[in-house]
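# Structural overview for review
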Amino acid sequence: MTTNITNIALTGLRAAQAGLAVTANNISNQGTPGYSRQQVMLQSAMSNFSGAGYFGQGVDVVTVQRAYSDFLSSQASQSASTLSYLSTYSDQMSGLINRLGSVDTGINQSLNALYSAMGRFSQNPAETASRQAALAAAQSTAARFRAVSEDLSTLSQGIDNQASATVGQINQLVQSIAAYNAKIGDAYGTGQGQSPNALLDQRDVLVRELGKLTGITTSTQGTSVNVYLTNGQPLVLEQVASQLRIDTRDPNSPTGTSLSLTVGGHTMQLNQGDIDGGQLGALLQFRDNELAQAQSELGRLAIAMAAAYNQQQQFGLDSNGQPGQALFRIGNPVAVGQRGNTGDARLAVGIADTRSLTGSDYQLTRVGSEYVVTRLDDGTELGPFSSLPQNVDGLTIGLADGDLADGDTFTIKVASQAAAGVEVTLADPGKLAAAAPMGLVTADTNTGTAQASRLRSVESGSPDYGTSVTVRFTSATGYELLGEDGTVLSTGLLQPPQQTISHNGWAFDLAGIPAAGDTITVKADAGAPAGDNRNALAMAGLGTTRIAGSSTLTDAYAGLISQVGTRAASLNISKAAQQTAFDQAVASEQSLSGVNLDEEGANLLRYQQAYAAAGKVLGMSSELFDQLLAAIH
């Protein structure tokens, strides 16, 4: 019986010692990231039967178990991933706002200066100083467009660099997780199935850090954790690590960037949407959505400005009485082939006439032996064409070399680089066209409410500004064009809401509703170049004209800034809400897994007392044994 008591006391000493060791380890790792509080798991030793019943044999130390909940850990990891996504996206939005500037400091400041200079020029077209000031203001506006575009391109390049660095971090973490799967498997084998808690914690930290970089899902296979992208493609399968690659100079990608994943020697192409969540997802989605849209909107504004001023400038007469030349040119379009194309074509896309540009992007497709061009803004199909090159909406679309195979498609991005190449083409202030070759005359007998305005040039193979043409309305929507001798040249229908009538290189806008029999005459009436300011007045009026869709240029740019600001504010609200959700998820996890020093202090005292008590039992057992020996002798 003495031996039995001794053994029982020894098991108690071992249990208390194990408890002290685990408690000390918890206290030491109180500040260690990802550490899960550990607990000694005890169970009563198998009882020994005697004639008087079952007598206990002490206590067994079963294992050391970490306080861990897969549900709480997953919840905290998902919250961390979402918070990382929103934080990164919000930071990039702030950078975009800074580069676009405010309503007063962005493009609008230069535009307002241009409007003022054009106004002074229209009042004094014969003065060289006013002409020089107008030309200088145009050059300043072009430079401001280029500067903002360059800032956006710099932001895009920075995002590409961050994305490449993030992919490198992802690959390192993936390799580490696969290595930890191997270590943990070995540890389970060496430890006869006992949990290697420190290794498990360290692997969980790596998985959570990976989730901050990209959206992932996980599953357990034996002792390993498998990690997948949100599209289901594997990053880690047991001890095998995949490799993510990013190419920021891919000419066959609409965004300029391509992603691929190599799994076991096989490489597959990924779509941008396959990277969803985390820092990388935020960078790519911001660049491909918010930033790309801002660049396109800026380009559309540049196109609208160049088209409107060139339409007016090329309608007028310069100081020498010569037809006006284009005032602005813009950056060339970019053509991107679809990845599945089988032909060897390279497109040559240029700008045939800035005045006809719509600001829309286009798609060129080979259908059988013909080519079809689709205007992407409204889905209008142009063609089919039997050959290339072709002029479409102010663009020249041709082949640099090779040809498209049947089904091959190219996307033509007109606006993306338009602002980057805005320049003033005139160097001589005398080339500004202040005089007008024609004028609008509305009949006094008209009974409708139609008002004609903004007589300007449009692209035409045979412009004629020396022959008067009368527009006679046959109904509220129909009209016919009459020559000087009264013959009908052509007929047409008004197309609201943008009601434009054009003929032989000129066009004007119509507001209101005409009555049948009303007439408006486009009269050939060339003024003296030195004193005529009708065309200069028209150019000065472009500042208040809705030439950017349904808005003026300044209103359109203010709308762009407002849109970006609203989106940024919404993201900040979502970020704040997610921060609260993340804090709550971490608090819930830590309530189970975190180390509480007060609790550990109490455990320290408890195990210390248990150790001392077991020691006393062992001492008592020794005295009993000595007494037994003395009694025998």
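We now turn to the structure provided with this report. The model shown is predicted, which means the values in this text are computed figures rather than measured ones. (Residues numbered from 1 in each chain as written. Predicted model: local features only at pLDDT ≥ 70, side-chain atom pairs only at ≥ 80, totals over all residues. Heavy atoms only, no water.)

### A word on the overall build of the protein chain
On a plain count of helices and strands, the protein chain comes out with 9 helices and 29 strands. Taking 26 Å as the expected radius of gyration for a compact globule of 633 residues, we find that the protein chain reaches 39 Å, considerably beyond that expectation. Dimensions of the protein chain, computed from the C-alpha atoms along their principal axes, are close to 150 × 50 × 45 Å. Classification of the 633 residues of the protein chain by burial places 45% in the buried group. (Helix = DSSP H or I, 4+ residues; strand = E, 2+ residues; numbered from the N terminus. Rg over C-alpha atoms; globule rule 2.2 N^0.38 Å. Buried < 20%, exposed > 50% of the residue type's maximum accessible area, 1.4 Å probe, protein only.)

### Quick notes on the environment of Gly168
Here Gly168 is to be found in helix 4 (residues 128-190). Classification of Gly168 as partly exposed rests on a relative accessible area of 30%.

### Thoughts on the nonpolar core
It is characteristic of soluble globular proteins that their nonpolar side chains tend to be buried jointly. With 79 residues, the main nonpolar core has Phe145 and Phe328 as its most contacted residues. With 14 residues, the single largest contributor to this core is helix 6 (residues 278-313). Dropping the residues within four chain positions of it, Phe145 is found in contact with Ile107, Leu111, Leu298, Leu301, Ala302, Met305, Ala419 and Val422. In this structure, Leu206, Val207, Leu210 and Val225 belong to the second largest nonpolar core, which totals 26 residues. (Core = buried A, V, L, I, M, F, W, Y, C linked by side-chain atoms within 4.5 Å. Contact = heavy atoms within 4.5 Å.)

### Remarks on the sheet that holds strand 26 (residues 488-493)
With antiparallel pairing, 5 strands are arranged side by side in an open sheet as 22-29-24-25-26. Edge strands, defined here as strands with exactly one partner in the open sheet, are strand 22 (438-442) and strand 26. Taken over all neighbouring pairs, the strand axes of this sheet differ in orientation by 20° on average, direction set aside. (Pairing = 2+ DSSP bridges. Axes fitted to C-alpha atoms, helices over the stretch in contact; angles between N-to-C directions.)

### Thoughts on the sheet that holds strand 28 (residues 506-511)
Within the open sheet, the 3 strands sit side by side as 23-28-27. Their pairing is antiparallel. The open sheet has two edge strands, strand 23 (451-457) and strand 27 (500-503), and neither has a second partner. Averaged over all pairs of adjacent strands, the angle between their axes in this sheet comes to 20°, without regard to strand direction. Relative to strand 28, strand 27 runs antiparallel, the two sharing 4 bridges. Across the sheet, the residue bridging to Ile501 is Phe508, located in strand 28.

### Focus on the packing of aromatic side chains
For the structure shown, the criterion picks out 5 aromatic pairs. Judged by centre distance (6.0 Å) and plane angle (75°), the rings of Tyr309 and Phe328 are edge-to-face. Residue Tyr309 is found in helix 6, and its partner Phe328 is found in strand 12 (residues 328-329); the two are separated by 19 residues along the sequence. Across the pair, exposure class does not vary: Tyr309 and Phe328 are buried alike. Measuring from centroid to centroid gives 6.2 Å for Trp506 and Phe508, while their planes differ by 15°, and the two rings are stacked. (Phe/Tyr/Trp six-rings, centres within 6.5 Å; stacked < 30°, edge-to-face > 60°.)

### Brief notes about the pattern of salt bridges
A pair can form between side chains of opposite charge whenever their charged atoms are brought close. Summed over all chains, the structure comprises 20 salt bridges. The salt bridge involving Lys212 is made with Glu209; its shortest N-O contact spans 3.2 Å. With Lys212 and Glu209 both in helix 5 (residues 197-213) and 3 residues apart, this pair spans about one turn of that helix. With relative accessibility at 29%, the residue Lys212 sits in the partly exposed group. Overall, Glu209 belongs to the partly exposed group, its relative accessible area being 34%. Glu423 serves as the salt-bridge partner of Arg329, at 2.9 Å between the closest nitrogen and oxygen. Of this pair, Arg329 sits in strand 12 while Glu423 is found in strand 21 (residues 423-424), placing the two residues 94 residues apart along the sequence. A relative accessible area of 43% means that Arg329 is categorised as partly exposed. (Salt bridge = Lys/Arg side-chain N within 4 Å of Asp/Glu carboxyl O.)

### Things to note about unusual backbone geometry
With an omega of 5°, the peptide bond between Gly383 and Pro384 qualifies as cis. Tracing the chain through its elements places Pro384 in strand 17 (residues 380-385). That bond from Leu388 to Pro389 is cis: its omega, 10°, falls within 30 degrees of zero. Inspection of the secondary structure assignment puts Pro389 in the loop between strand 17 and strand 18 (390-392). In the Ramachandran plot, Asp393 falls in the positive-phi region, its phi being about 50° despite a non-glycine side chain. In the Ramachandran plot, Asn504 falls in the positive-phi region, its phi being about 50° despite a non-glycine side chain. Structurally, Asn504 is set in the loop between strand 27 and strand 28. The class for Asn504 is partly exposed, based on a relative accessible area of 31%.

### Points about the pairing of strand 29 (residues 519-524)
Examined bridge by bridge, strand 22 and strand 29 share 5 bridges and lie antiparallel to one another. What sits directly across from Val441, in strand 29, is Thr521. As paired strands, strand 24 (residues 469-473) and strand 29 are joined by 4 bridges and run antiparallel to one another. Looking at strand 29, one finds that Thr470 is bridged to Thr521.

### Comments concerning the packing of helix 2 (residues 70-100) against helix 4
Where helix 2 contacts helix 4, the two axes come as close as 9 Å, and the packing angle between them is 160°. As summarised for this structure, helix 2 and helix 4 are arranged roughly antiparallel, according to the angle between their axes. Crossing of helix 2 over helix 4 shows right-handed handedness. Contact residues: helix 2 offers Gln92, Gly95, Leu96, Arg99 and Leu100, while helix 4 offers Val148, Asp151, Leu152, Leu155, Ile159 and Gln162. (Parallel < 35°, antiparallel > 145°, perpendicular 65-115°, else oblique. Left-handed = near helix turned anticlockwise from the far one by under 90°.)

### Re a nonpolar patch on the surface
A cluster of nonpolar side chains, namely Ile27, Leu597 and Leu604, defines an oily patch on the protein surface of about 220 Å² accessible area. Classification of Leu597 by relative accessible area gives partly exposed; the value is 44%. (Patch = residues over 30% accessible without salt bridge, like charges linked within 9 Å, V, L, I, M, F, W, Y side chains within 5 Å. Areas by Shrake-Rupley, 256 points an atom, 1.4 Å probe, with all protein chains shown as cover.)

Such coordinate-based values are descriptive only and should not be taken to indicate function.
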